[in-house]
Amino acid sequence: MMAAASNPLPPSIRFIERDWLCANHVMFRDGTGRDVRVTLLDSGYGGTVQTTLSHVRGVLKEWGASSLHRVVNTHIHSDHIGGNAELLRQFPGCRIAIPAAEAAALNAWDSPPQMLSYADQQAEAFQWHELIEPGQTLTLGGEQWQTIATPGHDMGSLVLYAPRLKTLISADALWESGAGFVPPQAIDPAALPAQRATFERLATLDVAWVIPGHG
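Within each chain, residues carry numbers counting from 1 in the order of the written sequence. The model is predicted, so local features are restricted to residues of pLDDT at least 70 and side-chain atom pairs to those at 80 or more, both for listing and for counting; the totals for chains, interfaces and linings are taken over all residues. The basis for every side-chain value is the complete set of heavy atoms in the structure, and neither hydrogens nor water enter the calculation.

To qualify as a nonpolar core, a set must consist of buried Ala, Val, Leu, Ile, Met, Phe, Trp, Tyr and Cys residues joined through side-chain atoms within 4.5 Å. Here's how the labels work: a residue is buried when its accessible area is under 20% of the maximum for its type, exposed when over 50%, partly exposed in between, all with a 1.4 Å probe on protein chains only. Core analysis: the largest hydrophobic core is formed by 27 residues, its most contacted members being Met-27, Leu-68 and Phe-91. Secondary structure elements are taken from DSSP: a helix is a run of H or I of four residues or more, a strand is a run of E of two residues or more, and numbering for both begins at the N terminus. Secondary structure elements with two or more residues in this core: strand S3 (37-41), helix H1 (49-63), helix H3 (84-90), strand S5 (95-99) and helix H4 (103-107). By residue number, the principal contributor to this core is H1, which donates five residues. Leave out the neighbours within four places in its chain, and Phe-91 touches Leu-53, Val-56, Arg-57, Leu-60, Ser-67 and Leu-68. In this structure, Phe-28, Leu-41, Leu-138 and Leu-165 belong to the second largest nonpolar core, which totals 17 residues. Contacts between residues were defined by any pair of non-hydrogen atoms, one from each residue, lying within 4.5 Å.

Below you can see the structure in the form of structure tokens.
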């Protein structure tokens with residue numbers, strides 16, 4: 001993977017870097033005028049949701065959008081889904097999309113895959129409306145994004161890849177300087193082999209830019 005010289009993102013896509021523990025956000029604008037629809041990728045940690053709201057409202061205003069249309073979660077750890085419940089309250093009609101492989105773990109809230117108690121973290125339960133499968137193509141920000149399963153750090157996680165932009169939104173499969181924590185064998189013996197396979201899968205992509213989950 002090589003570095004590029006300038007920001008490849010079109011004006012319809014906005015990257016928002018956050019501090020630890022909160023995951024980064026990406027916002028997408030589709031449609032025009034009164035039909036503009038805005039999607040947020042990952043809602044951050046619950047304890048910093050007011051900062052998340054400030055970022056979201058700022059971009060909505062800049063883009064001339066009255067509300068948030070959808071939240072897409074890459075996976076179900078607290079620093080990626082922690083703002084979902086408050087966003088649903090603040091933006092009536094907003095819809096939540098989660099990876100299909102994560103639904104069972106969310107139904108069994110604070111299950112081992114979610115690692116809330118294990119990591120001494122909190123998150124508010126929320127309603128979701130849409131399941132996203134690996135291999136789908138999502139239109140976000142006027143670009144076509146392929147959803148790719150990236151088990152390891154989280155066994156149900158997805159990343160998004162835009163071939164035209166040569167851009168990978170990597171969630172916690174890749175960080176700026178490393179990757180997300182992989183659960184120990186006592187929690188999930190399949191996690192480390194899955195993470196290795198994820199690295200091998202991502203290495204086959206034609207990527208010039210990575211938008212990481214952190215950093």
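Under the 1.5 Å per step criterion, the end-to-end length of helix H5 (residues 191-203) is 18 Å for 13 residues, consistent within 8% with the ideal 18 Å. For H5, every residue scored as buried is listed here: Ala-191, Ala-194, Gln-195, Thr-198 and Leu-202. Along the axis of H5, the buried positions cluster into a sector of 100°, meaning they face one direction only. Summarising the geometry of H5, the exposed residues directed more than 90 degrees from the buried face are Arg-196, Glu-200 and Ala-203. Check the buried side of H5 and you find it contacts strand S9 (158-162) and strand S10 (167-171). Helix span is expected to be 1.5 Å times the residue number reduced by one. Directions from the helix axis toward the C-beta atoms define the arc.

Turning our attention to the sheet that holds strand S4 (residues 70-72). Across the sheet, which stays open at both edges, the six strands sit in the order S1-S2-S3-S4-S5-S6 with mixed pairing between neighbours. On the outer flanks of this sheet lie strand S1 (13-16) and strand S6 (130-132), each paired with one strand and no other. Across this sheet, the average inter-strand angle for adjacent strands is 20°, counted without regard to direction. Whether two strands pair depends on DSSP finding at least two bridges between them. Bridge count for S4 against S5 is three bridges, and the pairing is parallel. The partner of Val-72 across the bridge, within S5, is Ala-97. Here H1 sits on the sheet in contact with S1, strand S2 (25-30) and S3, set at roughly 25° to S2. Here the axes come from fitting lines to C-alpha atoms, over the contacting stretch only for helices, and the angles between their N-to-C directions go from 0 to 180 degrees.

What follows covers the pattern of salt bridges. Salt bridge, as applied in this entry: a Lys or Arg side-chain nitrogen positioned within 4 Å of an Asp or Glu carboxyl oxygen. Per the counting criterion, the structure on display carries six salt bridges. Between Glu-130 and Arg-70 there is a salt bridge, with the nearest N and O atoms lying 3.1 Å from each other. Here the residue Glu-130 occupies a position in strand S6, and Arg-70 occupies one in strand S4, the gap between them amounting to 60 residues. Owing to a relative accessible area of 22%, Glu-130 belongs among the partly exposed residues under this scheme. Residue Glu-86 pairs with Arg-89 through a salt bridge whose shortest N-O separation is 2.7 Å. Of this pair, Glu-86 and Arg-89 are both found in helix H3, three residues apart, which corresponds to roughly one turn of the helix. On the basis of relative accessibility, which here comes to 47%, the residue Arg-89 falls in the partly exposed class. A single salt-bridge network, built from bridges that share partners, covers Glu-86, Arg-89 and Glu-124.

The next thing to look at is the layout of surface pockets. We place a 1 Å grid over just the protein atoms. Points where a 1.4 Å probe fits but has no way out form a cavity, open points with protein on both sides within 12 Å along at least 5 of 7 lines form a pocket, and any residue with an atom within 4 Å of a point lines it. Grid points are joined across faces, edges and corners, and a volume is the space filled by probe spheres set on the points. Roughly 240 Å³ of volume is contained in the largest pocket. What lines the largest pocket is a set of 15 residues, and nearest its centre among them are His-77, Met-115, Ala-119, Gln-121 and His-153. Surrounding the second largest pocket, 16 residues form its lining, Pro-112, Pro-113, Asp-154, Met-155 and Asp-188 being those nearest its centre. Partitioning the lining of the second largest pocket into residue classes produces nine nonpolar, four polar and three charged. Note on residue categories: nonpolar means Ala, Val, Leu, Ile, Met, Phe, Trp, Tyr, Cys or Pro, charged means Asp, Glu, Lys or Arg, and polar means any other residue, Gly included.

With that settled, the discussion passes to unusual backbone geometry. If a residue is not glycine, its phi is most likely negative; likewise, a peptide bond is most likely trans. Residue Leu-21 is reached from Trp-20 by a cis peptide bond, and omega for that bond is 20°. Tracing the sequence through the fold places Leu-21 in the loop between S1 and S2. If you check the backbone angles, Asp-110 has positive phi at about 60° while not being a glycine. Exposure remark for Asp-110: the relative accessible area of 31% places this residue in the partly exposed category. Of note in the backbone geometry, Ala-171 takes a positive phi value of approximately 50° without being a glycine.

Moving on: the sheet that holds S9. Across the sheet, which stays open at both edges, the five strands sit in the order S7-S8-S9-S10-S11 with mixed pairing between neighbours. Across the chains shown, the open sheet's two edge strands, defined by having one partner strand only, are strand S7 (137-140) and strand S11 (209-212). Neighbouring strand axes in the sheet, compared pairwise and without regard to direction, differ in orientation by 30° on average. Pairing between strand S8 (residues 143-149) and S9: four bridges, direction antiparallel. Residue Ile-148 lies in a different strand from S9, and its bridge partner there is Val-159.

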